[in-house]
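# Observations on the model geometry
Below are the chains, spelled out letter by letter.
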Amino acid sequence: MIIRVETNPAYDVLVERGSLSEVGSIFNLNRKVLVLTDSGVPAEYAQYVASKAKEGHIFIIPQGEASKNLDSFKSVIAYMLDHEFSRKDCVVAVGGGVCGDLAGFISACYMRGIEFYNIPTTLISMVDSSIGGKTAVDLEGYKNVVGAFYQPSAVLIDPNTLKTLDERQIHAGLVEAFKMGATCDKDLFELIEKSNDLEGDIESIIIGALNIKKRVVEQDTKEAGLRKVLNFGHTVGHAIESGANLTLLHGECVGIGMLYVSKGDAKERIRSLLKKYSLPQSHKVEEEALMELMARDKKTSNRNVDVVLVEEIGSFEIRNIPLEDMRKLLKGEWL
Ligand code: GLY
């Protein structure tokens, strides 16, 4: 299945089992290609992509969020300069969100813009970060504060690459898919609720989530309004993630974060899904620490925050509230 994302520029996202073996005919690799991957991704994926290039180079960063920084950015750029990459060459990310965000940002900056392709190999990056053009690195403890909107030229999603991912990572990634369902598509939410064969259903779930994200980013690429819906569960979730010192995965924190900003039957259905997929429903970060972390979040402006609220699965409301009102939600009260 090909999903066309009509942003400016527009691009195709191919979702198909086994499509990695077609990469040479889907991407234009007839030039110098920098394949950026991380130490946790099976090496053969990057090697395969590089083998299809006219001149393939593989750059491996250590696995984990700590690599998404300006030091990695500088090392990759220096490598590309040393190997005389021109603006006509390209970068391919092979890995999760860290690889994609870093490779995208490098591509946006190298010689003011070089073509960028993405091959997400984790569920979370397949359903969310691989499309929409958000690229960034972290700085001084702030997530994604240095970055650019820069669209890939194409995205290739091969669900077979998920076979090497452990169950905890898959379930954490699934949270970003049921985020799309909880806010925008009750059928997708139900598909995840009812699934008894996650591996068999995963392609439909990825396609369902991408179709929602596509519609959102086409209408609001730069997050002036509607795109904020994709932050459902993230305001509290990011704070939990930092407060728990990265002991919980991003998706796990977002899942817990959703419980604070949903109500009634919607909240119970989200809680049941967390349970079904053995995802945490609570954390140990103190309220005051969460409040401080939310104040530092880049989504907070002048001590006000846009919060996405869900009272019924498949619909949402975005409300701008004083940060102090987040305390009510943290205490389990409603606004
Ligand atoms: N992951 C949220 C967004 O792309 O806007």
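Overview of the structure. All values derive from a computational prediction rather than experimental measurement.

### Concerning the sheet that holds strand 12 (residues 317-322)
- One open sheet accounts for 3 strands, arranged 10-11-12; its pairing is antiparallel. In the strand order of this sheet, the two ends are held by strand 10 (300-301) and strand 12, each with one partner.
- Alignment of strand 11 (residues 304-309) against strand 12, held across 6 bridges, turns out to be antiparallel. Along strand 12, the bridge assignment pairs Val305 with Ile321.

### Structural notes on the site of the ligand
- Inspection of the region around the ligand gives Asp128, Lys134, Lys213, Glu223, Arg227 and Leu230 as its neighbouring residues.
- Here a nitrogen atom of the ligand sits 3.0 Å away from a polar atom, N or O, in the side chain of Asp128.
- Lys134 places a side-chain nitrogen or oxygen 2.9 Å from an oxygen atom of the ligand.
- Contact with the protein chains covers 87% of the free accessible surface of the ligand, which is 200 Å².
- Considered class by class, the residues forming the shell around the ligand number 1 nonpolar, no polar and 5 charged.

### Overview of the sheet that holds strand 5 (residues 90-95)
- If you trace the 7 strands from one edge of the open sheet to the other, you get 1-2-9-6-5-3-4, paired in mixed fashion. Edge positions in the sheet fall to strand 1 (2-5) and strand 4 (55-61), since each of these pairs with one other strand and no more. Pairs of neighbouring strands in the sheet enclose a mean axial angle of 15 degrees, with direction left out of account.
- The sheet strands contacting helix 4 (residues 97-109) are strand 3 (32-38), strand 4, strand 5 and strand 6 (115-120), and the helix crosses strand 5 at an angle near 170 degrees.
- Helix-sheet contacts for helix 8 (residues 198-219) involve strand 1, strand 2 (11-15) and strand 9 (154-157), and the interaxial angle to strand 1 is about 15 degrees.

### Observations concerning the packing of helix 6 (residues 167-184) against helix 10 (residues 250-260)
- Between helix 6 and helix 10, whose axes approach to 7 Å, the crossing angle comes to 45 degrees. Between helix 6 and helix 10, the angle falls in the class oblique. The two elements helix 6 and helix 10 meet at a crossing, and its hand is left-handed. Seen from helix 6, the contacting residues are Arg168, Ala172, Val175, Glu176, Phe178 and Lys179; seen from helix 10, they are His250, Gly251, Glu252, Val254, Gly255 and Met258.
- A per-class count over the contact of helix 6 with helix 10 returns 5 nonpolar, 3 polar and 4 charged.

### What about the packing of aromatic side chains?
- Across all of its chains, the model carries 4 aromatic pairs by this definition.
- Taking 5.6 Å as the distance between ring centres and 80 degrees as the angle between the ring planes, the aromatic pair formed by Phe59 and Tyr79 counts as edge-to-face. Note that Phe59 is positioned in strand 4 and Tyr79 in helix 3 (residues 70-82), a separation of 20 residues in sequence.
- Phe59 sits in the buried class, given a relative accessible area of 16%.
- Pairing Phe178 with Phe189 gives two aromatic rings, centres 6.1 Å apart and planes at 85 degrees, and the pair type is edge-to-face. Placement of the pair is Phe178 in helix 6 and Phe189 in helix 7 (residues 186-194), with a sequence separation of 11 residues.
- Owing to a relative accessible area of 0%, Phe189 belongs among the buried residues under this scheme.
- Geometry around Phe85 places Lys32 over its ring, the cationic atom sitting 5.9 Å from the centre.
- The residue whose ring lies beneath Arg296 is Tyr142, and the NZ or CZ to ring-centre distance is 4.7 Å.

### Digging into helix 4
- Over its 13 residues, helix 4 runs 18 Å from end to end, which matches the ideal 18 Å to within 8%, given 1.5 Å per residue.
- Taken across its 13 residues, helix 4 has 11 buried, putting it largely inside the fold.
- Here helix 4 has its buried residues at Val98, Cys99, Gly100, Asp101, Leu102, Ala103, Gly104, Phe105, Ile106, Ser107 and Ala108.
- Two residues or fewer after helix 4 comes Met111, characterised by a positive phi angle close to 50 degrees.

### Regarding unusual backbone geometry
- In the segment running from Asn8 into Pro9, the intervening peptide bond is cis, with an omega of 0 degrees.
- Mapped onto the elements of the fold, Pro9 is located in the loop between strand 1 and strand 2.
- In the Ramachandran plot, Glu84 falls in the positive-phi region, its phi being about 55 degrees despite a non-glycine side chain.
- Within the secondary structure layout, Glu84 lies in the loop between helix 3 and strand 5.
- The exposure class assigned to Glu84 is exposed, which follows from its relative accessible area of 61%.
- Even without a glycine there, the phi angle at Asn302 is positive, about 50 degrees.
- Secondary-structure assignment places Asn302 in the loop between strand 10 and strand 11.
- Overall, the relative accessible area of 74% leaves Asn302 in the exposed class.

Scoring rules and cut-offs
- Residues numbered from 1 in each chain as written.
- Predicted model: local features only at pLDDT ≥ 70, side-chain atom pairs only at ≥ 80, totals over all residues.
- Heavy atoms only, no water.
- Pairing = 2+ DSSP bridges.
- Helix = DSSP H or I, 4+ residues; strand = E, 2+ residues; numbered from the N terminus.
- Near = heavy atom within 4 Å.
- Polar contact = N/O pair within 3.5 Å; in protein donor to acceptor, adjacent residues only side chain to side chain.
- Areas by Shrake-Rupley, 256 points an atom, 1.4 Å probe, with all protein chains shown as cover.
- Nonpolar A, V, L, I, M, F, W, Y, C, P; charged D, E, K, R; others polar.
- Axes fitted to C-alpha atoms, helices over the stretch in contact; angles between N-to-C directions.
- Contact = heavy atoms within 4.5 Å.
- Parallel < 35°, antiparallel > 145°, perpendicular 65-115°, else oblique.
- Left-handed = near helix turned anticlockwise from the far one by under 90°.
- Phe/Tyr/Trp six-rings, centres within 6.5 Å; stacked < 30°, edge-to-face > 60°.
- Buried < 20%, exposed > 50% of the residue type's maximum accessible area, 1.4 Å probe, protein only.
- Lys NZ or Arg CZ within 6 Å of the ring centre and 35° of its normal.
- Expected span 1.5 Å × (residues − 1).

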